[in-house]
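Survey of secondary and tertiary structure
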Amino acid sequence: MAPAQAVGGLLHHRGPGSPSPGAGKKSGASPSAGGGPGGTGERATGLPLAWTVDSQVWQGGCGHDYVIDKPPADVPPPPVQQDAGTWAATQGAVHGRQTLVQVSVQGRSSTAVVLEALRVRIVGRGQPLTGNSYAMDQGCGGELTPRSFTVNLDADRPVARPADGADSAHTIPAVHFPYRVSARDPEVLLVDATTRAHDARWYLELDWSSQGRKGTIRIDDHGRPFHTTGIADLPRYWYGTNEAGERAWVPYDS
């Protein structure tokens, strides 16, 4: 299949009291060394770390698109971000153009666990889905000030590459893997994956090591690959006021 025209990024910010990134060798462990389906460390036994995953994160708390194969009259009003997962599931919605995946990682004890590397694995690429794109632009949330990494989803073996980030007033220098986590020092990683003109399915792998042990966690969408589709040629709508003065989905450029 033709490669997706995609770019992506990984944003990172440290938990309260987290120390400076640690040092370590790259793990060569098999993907089978990670947790169970759904990408949550709570399901795995014997691992020195736990993790949670949220794939329904919106840019700035407001900016996101979903592709739905329904006309506007059949799509309910947009949800708040906290209810996005249920809303998207009931509508058969797929992330349009961008998927933000937030991964929170924490050690299970005071012993440090080193996060060695993060990789993106492409499962498949194809033509964009048909339907309409529905924008969730309903007012933004608070500003994030994360560390930033670029990820090229076109590469055969995608690598998270550190890059400078920024908040409203300062440049935030790039931070390289590895990082250290423990029970008191969590890490939050925000993976920003985008595609312009294709349909892509993908997942993440996170290498870790601790006290002579090492492994690789598969991070996915509850046992399924993350799913992102392009919206360049689709009709796009947002929830506004129509010509009759009623709240409804209206063309985005109206």
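Structure's up top.
Keep in mind that what you see is a predicted model, and the values were worked out from it rather than measured. (Residues numbered from 1 in each chain as written. Predicted model: local features only at pLDDT ≥ 70, side-chain atom pairs only at ≥ 80, totals over all residues. Heavy atoms only, no water.)

Further remarks concern the pairing of strand β14 (residues 199–210). Across the 12 residues of β14, 11 count as buried, placing the element largely inside the fold. Bridge count between strand β6 (residues 113–126) and β14: 11 bridges; the pairing is antiparallel. Bridge pairing in β14 links G124 to R201. Across seven bridges, the pairing between β14 and strand β15 (residues 213–219) is antiparallel. (Buried < 20%, exposed > 50% of the residue type's maximum accessible area, 1.4 Å probe, protein only. Helix = DSSP H or I, 4+ residues; strand = E, 2+ residues; numbered from the N terminus. Pairing = 2+ DSSP bridges.)

Another aspect to go through is helix α1 (residues 84–91). The complete set of buried residues in α1 reads A84, W87, A88 and Q91. The buried side chains of α1 occupy one side of the element, clustering within an arc of 95 degrees when seen end-on. For α1, the exposed residues lying more than 90 degrees away from the buried face are T86, A89 and T90. The secondary structure elements touched by the buried residues of α1 are β2 (49–57), β3 (65–68) and β18 (247–251). G92 lies just past α1 and shows a positive phi near 65 degrees. (Arc of directions from axis to C-beta. Contact = heavy atoms within 4.5 Å.)

Counting 23 residues, the largest nonpolar core has L49, V105, L115, W202, L204 and I219 as the members making the most contacts within it. At the level of secondary structure, the elements contributing two or more residues to this core comprise β2, β5 (98–107), β6, β12 (179–181), β13 (187–195), β14 and β15. Contact partners of W202, with chain neighbours within four places excluded, come to T99, V101, V120, R121, I122, V123, V191, A193, P225, F226, H227 and T228. V75, A88, M136 and Y239 belong to the second largest nonpolar core, which has 13 residues in total. (Core = buried A, V, L, I, M, F, W, Y, C linked by side-chain atoms within 4.5 Å.)

Here the structure, examined in full by the defined rule, presents six salt bridges. Note that E205 is salt-bridged to R119, the shortest N-O span being 2.9 Å. Remark: R119 occurs in strand β6 and E205 occurs in strand β14; sequence separation between them is 86 residues. Grouping residues by exposure puts E205 and R119 together as buried. (Salt bridge = Lys/Arg side-chain N within 4 Å of Asp/Glu carboxyl O.)

Bringing the packing of aromatic side chains into the picture now. Applying the stated criterion across every chain yields a total of five aromatic pairs. With 5.8 Å between their ring centres and 50 degrees between their planes, Y66 and W87 make a pair best called tilted. Of the two residues, Y66 sits in strand β3 while W87 sits in helix α1, which places them 21 residues apart along the sequence. You can call Y66 buried: its relative accessible area is 1%. What makes W87 buried here is its relative accessible area of 9%. Between Y134 and Y237, the ring centres sit 5.7 Å apart and the planes meet at 25 degrees, which makes this aromatic pair stacked. In this pair, Y134 sits in strand β7 (residues 132–135) while Y237 sits in strand β17 (residues 236–241), placing the two residues 103 residues apart along the sequence. With respect to burial, Y134 and Y237 carry one shared label: buried. One aromatic cluster in this structure is built from Y134, Y237, Y239 and W249. Taking the ring centre of Y203 as reference, the NZ or CZ of R218 above it sits at 3.8 Å. Positioned above the aromatic ring of Y252 is the side chain of R236, whose terminal nitrogen or guanidinium carbon lies 3.9 Å from the ring centre. (Phe/Tyr/Trp six-rings, centres within 6.5 Å; stacked < 30°, edge-to-face > 60°. Lys NZ or Arg CZ within 6 Å of the ring centre and 35° of its normal.)

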